[in-house]
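# Residue-level structure breakdown
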Amino acid sequence: MLQLMLWFIVLMMLLLFCYNFSDKGIITPEIIFLAGFIPQVLQAFFYVNKFEIDLSDETLFVLILGSVLFVFVSFWSARFFRKFKKRTFQYGQRYKAPRIDKTIIVVFTVFEVLTVLVTIYFLVSAYGTSLQRAIYLFRAQSMVGYHGVDIEVRMPGWLRLAKRITTASGYFWGYVLMQQIILKNKENRKLIIANFLLSAANSFISTGGRKGIFLLVIATLMDLYIVYGINTNWKRRMKPKTVIMLIVFGFVFVGTFKIAGEAAGKTINYDFGDYLAVYLSAPLKNLDIFIREGTFGISDISQSALFAHLVQYFNARGYLNPYQDSFTYNHVNGINIGNAYTTYFSYLHDFGYIGLVTFVTFSALLCQYLFQKIKKANAYDISAGTILYSYLVSNLAFSFFGSFFITSIFDMTFFWNLFVWIGLSIIVKVKFVIRRR
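### What to know about the overall build of the protein chain
Within the protein chain, the regular secondary structure consists of 17 helices and two strands. Per-residue burial for the protein chain yields a buried fraction of 51% across its 437 residues. Restricting to contacts in the protein chain with at least 6 residues of sequence separation, those with at least 24 account for 77%.

### Quick look at the environment of Thr109
Topologically, Thr109 is positioned in helix H5 (residues 102-127). A residue is classified by how much of its surface remains accessible, and Thr109, at 11% relative accessible area, is buried. The spacing of Thr109 and Asn195 is 86 residues in sequence and 5.7 Å in space, taken between C-alpha atoms. The residues contacting Thr109, other than those within four sequence positions of it, are Leu191, Asn195 and Leu198.

### Some details on unusual backbone geometry
You will see that Glu52, though not glycine, has its phi angle at about 50 degrees, which is positive. Residue placement: Glu52 occurs in the loop between helix H3 (37-46) and helix H4 (57-81). The phi dihedral of Asn333 falls on the positive side, at around 55 degrees, and the residue is not glycine. Take Asn333: it is sitting in the loop between strand S1 (331-332) and strand S2 (335-336).

### Structural notes on the confidence of the model for the protein chain
When pLDDT is averaged along the protein chain, the result is 82; 83% of the residues meet or exceed 70. Segment residues 433-437 is flagged for pLDDT under 50; beyond a separation of four residues in sequence, or across chains, it makes two contacts in the model.

### Focus: helix H14 (residues 343-375)
Because each turn of an α-helix spans 3.6 residues, side chains separated by three or four positions end up pointing in the same direction. In a regular helix each residue adds 1.5 Å, so 33 residues correspond to 48 Å; H14 covers only 27 Å between its end C-alpha atoms and thus falls short of that length. Its axis deflected by about 135 degrees at Phe351, H14 carries its strongest bend there.

The rules behind each value
- Residues numbered from 1 in each chain as written.
- Predicted model: local features only at pLDDT ≥ 70, side-chain atom pairs only at ≥ 80, totals over all residues.
- Heavy atoms only, no water.
- Helix = DSSP H or I, 4+ residues; strand = E, 2+ residues; numbered from the N terminus.
- Buried < 20%, exposed > 50% of the residue type's maximum accessible area, 1.4 Å probe, protein only.
- Contact = heavy atoms within 4.5 Å.
- pLDDT = per-residue confidence, 0-100.
- Expected span 1.5 Å × (residues − 1).
- Bend = angle between axes of the 7 residues up to and from the residue.

Next comes the structure, spelled out in structure tokens:
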């Protein structure tokens, strides 16, 4: 209990420091990185006995070291990167609201509708069961394949490609939608909303996972705040009422996690409190179990937790051994507390303390570089850089749960996303220039 209290005190001190040195902004990398640990430790106080949460001194050291290091690197790199970034948007100058040719939106809407319908037809036909059951089976078989066993039902290559494009485009349309809201531009908004929702639906149907949808929503809200900040020259701060509304939204948002799981065909035997604790507080307990065991470092890349997606990708092409799962499910007092270990597990598991220092530093530097870049972007431009930042920090926000940030970068999906975002940005801009001429 003492270590838990000390961890909470350090977290609050770091957050207050970050809030003040970041000019009272709330989407800076360091605040996003730390924020998720607050509800985690608060709920952990209520599960001290049930989950036997009694952090070791070394676990406390790891938590403090990682957080202080991230804040330290962010603090100094922010000052360094500010010197080299020139503003591309002059506040107060009149700009014309961006317009996307309706033909492009209609064509893409048709493409997304067809992708969703064909995906549904494929899953139901392949398994000969209901859509809900088919989604669950396809995800389950995908997870089995992830651990080195052949997947029984394989999605055709052309459909996988269409699915990748549709899923990635959701971040693009989310940005465009938020930009329209801030700049009060309603042109083709219904079609843009339709594309955004179709992308979210495709992500859920084709994977059965909730992570994709939640990351999409978080990234889109990031876009809203960023475009608003750029458009107001970052001079208007959020009112307390707005912050309270965001907190309430957060609880409602988390509350849908169990509902979404059941919709994907999962059988959930926890009550809501325990179910939430498995995702919030249990990673803290799991990290402590791992650190107490003291087994750091790997001897083969196939054992990597950080590069698991790349291992799977190259294994499927015959270049690496099958991935060896390191995320062990733990049980406490007869309760399955899952296999999430916070972001620090993967760093320590693969490379020990050297890995922790290296990847925390890398994460802080990359996020801070992008943040300083997009702060001076043009609110009236369709910025692939802003979409990239929102995508990455939406993963960073789950550092209390796992190493989503690093694994999202070392993944072929990341490169597909970049290709789609840049491609759509170019198509939209070229079409706009042609139309103007």
